[in-house]
Amino acid sequence: MMLAIVFAVLAAGSNAWGTVLQRRAAGSVPASRSPLRLLAGLLHRPAWLGGILGVTLSALFQALALNAGSLATVQPVFILELPMALLFGSFVFRVQVSGKAWWCVLCIFAGLAVFLFSAAPTGGRDQVPGPWWPPTIAVVAAVEAALALVGLRRPPGPARAACLAAAAAIGNALTAALVKSAMDVLSRDGAAGFLLAWQTYGFAVAGSLSIVLLGYAMQGGPLIASQPALTLGDAAVSFGLGVTLYAESPRQGLWLVPALAGLALLAYGVFTLSRTRCLAKCVNQEERDGDQEVGQRAAALM
């Protein structure tokens, strides 16, 4: 299980680093209405290529983590992507991290550690019985679609961002469950079995839809609305799928007390960190552009 957590931390770090580099590259390319022209400009930016490498490594590390450990343990570790994005972004964009943000980072790390140690899911199975997949996918897809429709019908603002981010989080959790199943097929039947398995194409479709929904969420409202829904939603739904689909058993009894305390500390850290301006400057291009515009206006007045 320790190996799975190590791979999960590496996946979270790689994705955070890749996201920060991609945003840096996007901020250095002139705005264009042509997607092809924008892509051509990005391909000439080493930061963009480094970001693609980071995201690719993240997917690889996630697959290795899910193959080595339980879904209910691996996916919550991805919450660390949020504070890691702050740390990497503060270095790349030269953003000063406030004391409040550092406190939130500490709360996230401590809360996650307490929760995982207290819950400590054990047991489980490597593969989900075939008849279990259709109803699971139907329910998950229905909830995801409902949230997406509600979000798209709302005007730009917190409600729109939260609904779309929650839909993306559910899609991410389903993607992880399918990746774990596909990795089990790969370990048993090799590359040929992996390429013939429906789970392989299932997680590709689910993951692609989640990326699209996340893009709409980031454009639809403030970070304080989208980030907690995405981060905590993915962890919660993944934990539920691990317990139900993969029969992973968390600790019961008095262990629930520290587990809930860790979860509360974790949620506090995520919500509070999402409200800080330093995080917005590290992961939100519009926030940085706004600060630059204010600085230019101030210089003009002087």
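Please refer to the structure placed before this passage.
What you are looking at is a predicted structure, and each value in this text was computed from that prediction instead of being measured. Counting restarts for each chain, with residues numbered from 1 along the sequence as it is written. The model is predicted, so local features are restricted to residues of pLDDT at least 70 and side-chain atom pairs to those at 80 or more, both for listing and for counting; the totals for chains, interfaces and linings are taken over all residues. Computation of side-chain values covers all heavy atoms of the structure but excludes hydrogens and water.

1. Re the overall build of the chain
- A run of DSSP states H or I qualifies as a helix once it reaches four residues; a run of E qualifies as a strand once it reaches two. Both are numbered from the N-terminal end. The helix and strand tally for the chain stands at 13 helices and two strands.
- Only protein chains enter the area calculation, which uses a 1.4 Å probe; residues under 20% of their type maximum are buried, those over 50% are exposed, and those in between are partly exposed. Out of the 302 residues in the chain, the part that is buried amounts to 47%.
- In what follows, a contact means two residues having at least one pair of non-hydrogen atoms within 4.5 Å. Once local pairs closer than 6 in sequence are excluded, the contacts in the chain between residues at least 24 apart make up 81%.
- Computed with the Shrake-Rupley method and a 1.4 Å probe, the accessible areas treat only the protein chains shown as cover for residues. Total accessible area on the chain is roughly 15,000 Å²; 70% of this is exposed by carbon and sulfur atoms.

2. Remarks on helix α6 (residues 99–119)
- Expected span, for any helix, means 1.5 Å times one less than how many residues it has. A rise of 1.5 Å per residue sets the reference length of α6, with its 21 residues, at 30 Å; its end C-alpha atoms lie 30 Å apart and thus fit the reference within 8%.
- Inspection of α6 places Ala101, Cys104, Val105, Cys107, Ile108, Gly111, Leu112, Phe115, Leu116, Ser118 and Ala119 among the buried residues, and these make up the whole buried set.
- Looking at the residues trailing α6, positive phi occurs at Ala120, about 40 degrees.

3. Description of the side chain of Arg160
- By the element assignment, Arg160 lies in helix α8 (residues 158–196).
- Exposure remark for Arg160: the relative accessible area of 15% places this residue in the buried category.
- Aside from chain neighbours lying at most four places away, what touches Arg160 is Gly151, Leu152, Arg154, Pro155 and Gly220.

4. What to know about the state of the cysteines
- Any pair of cysteine sulfurs within 2.5 Å is marked as a disulfide. Under the defined criterion, the tally for this structure stands at zero disulfides.
- As a non-bridged cysteine, Cys104 has Cys107 as the owner of its nearest cysteine sulfur, 6.3 Å distant.
- On the basis of relative accessibility, which here comes to 0%, the residue Cys104 falls in the buried class.

5. What to know about the pattern of salt bridges
- When a carboxyl oxygen of Asp or Glu is within 4 Å of a side-chain nitrogen of Lys or Arg, the pair counts as a salt bridge. Under the criterion given, the structure shown has two salt bridges.
- Here Asp184 and Arg188 are joined by a salt bridge, their closest N and O atoms 3.0 Å apart. Highlighted residues: Asp184 and Arg188, both in helix α8, separated by four residues, approximately one helical turn.
- Taking relative accessible area as the criterion, Asp184 reaches 8% and is therefore assigned buried.
- One continuous salt-bridge network, built from bridges that share partners, spans Asp184, Arg188 and Asp189.

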